[in-house]
Amino acid sequence: NAGVTQTPKFRVLKTGQSMTLLCAQDMNHEYMYWYRQDPGMGLRLIHYSVGEGTTAKGEVPDGYNVSRLKKQNFLLGLESAAPSQTSVYFCASKDGGAGKTGELFFGEGSRLTVL
Amino acid sequence: AQSVTQLGSHVSVSEGALVLLRCNYSSSVPPYLFWYVQYPNQGLQLLLKYTSAATLVKGINGFEAEFKKSETSFHLTKPSAHMSDAAEYFCAVRVNTGFQKLVFGTGTRLLVSP
């Protein structure tokens, strides 16, 4: 029972490099989210998706892009990494069915350092 | 806008002592509230949730929280702390703005000393 799986778990980038974080969920959830976690700031929503082929901006979308070509996968891309994007990134998913309470299921996180 | 505020970025207790982590919410509609726990180098795990069924909610690992509308609070408690409770705790509120999302507080780190 894998749940939500994120790859890679650790990555070090140089300023200006690009990379993609992959999130995969095996619970057939409609909704998927990317958050970033920074000390003293809690979790902030970057982008989200309410279904295959759809994406939308969250609170802090600048510098990131996302794609959801398959229902089970949600990709987060950094086209030109900046030191301000040094953070821990969490993917989460949720069942979008009627009557659901809104509980999110989280991956274990991806720690990104931009030098 | 719906939001949550967690008072105290760090809380220290001795093993066996009462744990009290504070969360106040702001919402114009009956809220759905959550407490999540994050152990070091791990993702967030749901502790408990309030969905208007009962004001006292029991969760995993002996934690519970009470929803108090008059105080707009949803504080997390545990009668007796264990060393394994040391972690970061996040309060969150569900926001229904076109789609469902959770807005998180800034977190409270619980330190447990022997």
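For the structure, see preceding data.
Please read all numbers here as calculations on a predicted model, not as lab measurements.

Criteria and cut-off values
Residues numbered from 1 in each chain as written. Chains lettered and ligands numbered in written order. Predicted model: local features only at pLDDT ≥ 70, side-chain atom pairs only at ≥ 80, totals over all residues. Heavy atoms only, no water. Helix = DSSP H or I, 4+ residues; strand = E, 2+ residues; numbered from the N terminus. Rg over C-alpha atoms; globule rule 2.2 N^0.38 Å. Buried < 20%, exposed > 50% of the residue type's maximum accessible area, 1.4 Å probe, protein only. Contact = heavy atoms within 4.5 Å. Buried area = accessible area lost by both parts, 1.4 Å probe. Salt bridge = Lys/Arg side-chain N within 4 Å of Asp/Glu carboxyl O. Polar contact = N/O pair within 3.5 Å; in protein donor to acceptor, adjacent residues only side chain to side chain. Nonpolar A, V, L, I, M, F, W, Y, C, P; charged D, E, K, R; others polar. Pairing = 2+ DSSP bridges. Axes fitted to C-alpha atoms, helices over the stretch in contact; angles between N-to-C directions.

**As for the overall build of chain A**
Moving on, step 1. The helix and strand inventory of chain A stands at zero helices and eleven strands.
Moving on, step 2. The C-alpha atoms of chain A give 14 Å as radius of gyration, which agrees with the globular expectation for 115 residues (13 Å, within 12%).
Moving on, step 3. Projected onto the principal axes, the alpha-carbon positions of chain A cover approximately 45 × 30 × 25 Å.
Moving on, step 4. Sorting the 115 residues of chain A into buried and exposed places 48% on the buried side.
Moving on, step 5. For chain A, contacts bridging at least 24 residues in sequence account for 54% of all contacts bridging at least 6.

**Regarding the interface of chain B and chain A**
Moving on, step 1. Listed as interface residues are 21 residues of chain B and, on the opposing side, 23 residues of chain A.
Moving on, step 2. Interface of chain B and chain A: buried area, both sides summed, is about 1700 Å²; carbon and sulfur atoms make up 57% of it.
Moving on, step 3. The tally of links from chain B across to chain A stands at one salt bridge.
Moving on, step 4. Linking chain B with chain A are four residue pairs in polar contact (both at pLDDT 80 or more).
Moving on, step 5. Elements that contribute at least two residues to the side of chain B that touches chain A include exactly β4 (33-38), β5 (44-50), β9 (87-96) and β10 (100-104) of chain B.
Moving on, step 6. Ranked by residue count, the leading element in the side of chain B that touches chain A is β10(B), at four residues.
Moving on, step 7. Residue classes in the side of chain B that touches chain A are distributed as nine nonpolar, eight polar and four charged.

**Some remarks on the environment of Glu15(B)**
Residues and elements named next belong to chain B.
Moving on, step 1. Take glutamate 15: it is sitting in the loop between β2 (10-14) and β3 (19-26).
Moving on, step 2. Sequence separation of glutamate 15 and glutamate 64 is 49 residues, and the distance between their C-alpha atoms is 18 Å.
Moving on, step 3. The contact partners of glutamate 15, leaving out residues within four places of it in the chain, are Ala81, His82, Met83, Val112, Ser113 and Pro114.

**Here's the deal with the environment of Pro61(A)**
All names here are of chain A.
Moving on, step 1. Relative to the elements of secondary structure, proline 61 occurs in the loop between β6 (54-57) and β7 (65-67).
Moving on, step 2. The class of proline 61 is buried, set by a relative accessible area of 13%.
Moving on, step 3. Each C-alpha atom, one on proline 61 and one on glycine 77, is 11 Å from the other, the two residues being 16 residues apart in sequence.
Moving on, step 4. Beyond its immediate chain neighbours, meaning those up to four positions away, proline 61 contacts Ile46 and His47.

**Some details on the environment of Gly107(B)**
Residues and elements named next belong to chain B.
Moving on, step 1. As for its placement among the helices and strands, glycine 107 is situated in the loop between β10 and β11 (108-113).
Moving on, step 2. C-alpha of glycine 107 to C-alpha of lysine 68: the two residues are 39 residues apart in sequence and 20 Å apart in space.
Moving on, step 3. Among residues more than four places away in sequence, those in contact with glycine 107 are Gln6, Gly8, Ser9, Glu88, Tyr89 and Phe90.

**Comments concerning the pattern of salt bridges**
Moving on, step 1. One pass over the structure, following the stated rule, counts seven salt bridges over all chains.
Moving on, step 2. Arg44(A) is the partner of Asp38(A) in a salt bridge, and the nearest nitrogen-oxygen pair spans 2.8 Å. Both residues of the pair, Asp38(A) and Arg44(A), count as buried.
Moving on, step 3. Where Glu103(A) meets Lys49(B), a salt bridge forms, and the shortest distance between an N and an O atom there is 3.5 Å. Residue Glu103(A) is found in the loop between β9 (87-94) and β10 (105-106), and its partner Lys49(B) is found in strand β5; the two belong to separate chains.
Moving on, step 4. Using a relative accessible area of 30% as the deciding quantity, one classes Lys49(B) as partly exposed.
Moving on, step 5. Salt bridges sharing common partners tie together Arg36(A), Asp38(A) and Arg44(A).

**Side note on the pairing of strand β1 (residues 4-7) of chain A**
Residue and element names in this part refer to chain A.
Moving on, step 1. Taking every second residue as pointing to the same face, the buried face of β1 carries Val4 and Gln6, while none of Thr5 and Thr7 on the other face is buried.
Moving on, step 2. As judged from the four bridges shared by β1 and strand β3 (residues 19-25), these two strands associate in the antiparallel manner. Each bridged residue has a counterpart across the sheet, and for valine 4 the counterpart in β3 is glutamine 25.

**Considerations on the sheet that holds β1(A)**
All names here are of chain A.
Moving on, step 1. If you trace the four strands from one edge of the open sheet to the other, you get β1-β3-β8-β7, paired in antiparallel fashion. This sheet does not close on itself; its edge strands, each paired only once, are β1 and β7. Neighbour to neighbour, the strand axes of the sheet diverge by 20° on average, direction disregarded.
Moving on, step 2. Taken together, the six bridges between β3 and strand β8 (residues 73-78) define a ladder with antiparallel strand orientation. Paired with alanine 24 across the strands is asparagine 73, a residue of β8.

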